[in-house]
Amino acid sequence: MSKTSTDLARHALNGPTMGSRWSALFFAPAAFDPGPVAAALQAAVDRVEGQMSTWKPQSDLMRLNAAPVGEWHDLPEDLAQVLRLGLAIGRASGGAFDIATGDAVTAWGFGPAEAAPPAIRAAIAAPRRPAWDCLDLDGRRLLKRLPVTLDLNGIAKGYGVDRLAGVLAGFGIASALVGIDGEMRALGLRPDGTPWAIAVEAPDPGRRAPHSVVSLHDAAIATSGDYRHWLTVGGRRLSHTMNPATGAPLGAPPASVTVVAPTCAEADAWATALMVLGPESGADCARRCGLDALILMREDGDGLRPRAVGRLFSAAA
């Protein structure tokens, strides 16, 4: 007799990570023990946070930031993978995604410290060079050719989601949805054979409501926006997304950008890149790079103007 969806039990697990919480919803045989899975999931995100957090002074990333210029430094495998991907997307996006903006992120108060006007002035005045001009990455070794402060907040959560998915796959789980703070990745289909339905949140700082729904199957989704993390300067709300060219927050960014990609790290980084590029250049870049993307711009009267790129969002928007 063939198995049906009734042969599988639903399991929902979660835990703390990166100032938020991870979640894992999956289906497995009724006798399956989720305890070892929960421990392995927590260990996976703890490893990512321990390597890439800017909030932990002893993380591998912070030690790398404090290391001298002109010397090779050994990296753990996860950190090396994320740096390699970050540099690749930085080049592909023409510098719109840049992991070398840590000084600006910290100066403007989007890291562990409060905003500091002298640091802000220094970040704006500093000559901005893209990360690939500042770093040499050879396998699991990195050399800083120029003084640079790295920040992986635009990609680390997505990579953490990918590690969650990898843990479940390692346990033989083929039907799952994992996420961290809205960055999601789907494994397979639901037990009834339907895709996972993922809501794209409306970019409204005052409430949580869906804008649209996307069907996800063996893919990941991530959203970057101006409506959850910002600061107010002179009565003007500034996005937490930095413009790598200026060392300052984006002046008039999209309300949000949602990207679907094979991995959540890619989706996470590309959502940030398209935020920086804006609706026109961002849509052109998404088409050129074969991305599924939904760019939402605010209009007068609190309306939204969508720019949809790719099959998934053209159907969903």
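Below is a summary of the structure that appears in this document. From a predicted model like this one, the values you see are computed outputs, not experimental measurements. (Residues numbered from 1 in each chain as written. Predicted model: local features only at pLDDT ≥ 70, side-chain atom pairs only at ≥ 80, totals over all residues. Heavy atoms only, no water.)

A closer look at the overall build of the protein chain
A tally of regular secondary structure across the protein chain gives nine helices and 17 strands. Scaling as 2.2 N^0.38, a compact globule of 317 residues should have a C-alpha radius of gyration of about 20 Å, and the protein chain matches this with 20 Å. With respect to the principal axes defined by its C-alpha atoms, the protein chain has extents near 70 × 50 × 35 Å. Looking at the protein chain residue by residue over its 317 residues, the buried ones come to 50%. Put simply, 58% of the contacts in the protein chain that link residues at least 6 apart link residues at least 24 apart. Summed over its atoms, the accessible surface of the protein chain is roughly 14,300 Å², and 53% of this surface lies on carbon and sulfur atoms. Looking at charge distribution, the protein chain has the averaged site of its 30 positive side-chain charges lying 1 Å from that of its 32 negative ones. (Helix = DSSP H or I, 4+ residues; strand = E, 2+ residues; numbered from the N terminus. Rg over C-alpha atoms; globule rule 2.2 N^0.38 Å. Buried < 20%, exposed > 50% of the residue type's maximum accessible area, 1.4 Å probe, protein only. Contact = heavy atoms within 4.5 Å. Areas by Shrake-Rupley, 256 points an atom, 1.4 Å probe, with all protein chains shown as cover. Lys, Arg positive; Asp, Glu negative; His and termini not counted. Charge placed at Lys NZ, Arg CZ, Asp CG, Glu CD.)

A few points about the pattern of salt bridges
On inspection of all chains with the given rule, the structure shows twelve salt bridges. Linking Asp-103 and Arg-128 is a salt bridge whose minimum nitrogen-to-oxygen distance equals 2.8 Å. Here Asp-103 is found in helix α4 (residues 102-107), whereas its partner Arg-128 is found in the loop between α5 (117-125) and α6 (131-134), with 25 residues between them in sequence. In this structure Asp-103 comes out as partly exposed when scored by relative accessible area, which is 29%. Under the relative-accessibility criterion, Arg-128 is labelled partly exposed at 21%. (Salt bridge = Lys/Arg side-chain N within 4 Å of Asp/Glu carboxyl O.)

Here's the deal with the sheet that holds strand β3 (residues 72-74)
Strand pairing in a sheet is mediated by backbone hydrogen bonds. Such pairs are either parallel or antiparallel. The antiparallel open sheet is built from three strands, whose spatial order is β3-β5-β4. If you trace the sheet from one side to the other, it starts and ends with β3 and β4 (135-138), each paired once. Averaged over all adjacent pairs, the angle separating strand axes in this sheet is 25°, with direction ignored. Both β4 and strand β5 (residues 141-144) contribute to a ladder of four bridges, which runs antiparallel. Across the sheet, residue Asp-138 finds its bridge partner in β5, namely Arg-141. Across the face of the sheet, helix α3 (residues 77-92) comes into contact with β4 and β5 while running at roughly 125° to β4. (Pairing = 2+ DSSP bridges. Axes fitted to C-alpha atoms, helices over the stretch in contact; angles between N-to-C directions.)

Observations concerning the side chain of Gln-42
Here Gln-42 is to be found in helix α1 (residues 35-52). Separated by 2.9 Å, the side chain of Gln-42 and the backbone oxygen of Pro-16 make a polar contact. (Polar contact = N/O pair within 3.5 Å; in protein donor to acceptor, adjacent residues only side chain to side chain.)

Concerning the nonpolar core
Leu-152 and Leu-168 are the most contacted members of the largest nonpolar core, which has 69 residues in total. With 13 residues, helix α8 (residues 264-288) is the largest single contributor of residues to this core. Beyond its immediate chain neighbours, meaning those up to four positions away, Leu-168 contacts Ala-24, Phe-26, Val-37, Leu-41, Ile-173, Ala-176, Val-178 and Leu-187. One finds Leu-25, Ile-221, Leu-312 and Phe-313 within the second-largest nonpolar core, a separate group that totals 17 residues. (Core = buried A, V, L, I, M, F, W, Y, C linked by side-chain atoms within 4.5 Å.)

What to know about the environment of Asp-162
Along the chain, Asp-162 turns up in helix α7 (residues 156-170). Along the chain, Asp-162 and Leu-83 lie 79 residues apart, while their C-alpha atoms are 15 Å from each other. Residues contacting Asp-162, with those up to four places away along its chain left out, are Arg-185, Thr-263, Cys-264 and Ala-265. Among the polar contacts listed, one links the side chain of Asp-162 to the side chain of Arg-185, at a separation of 2.8 Å.

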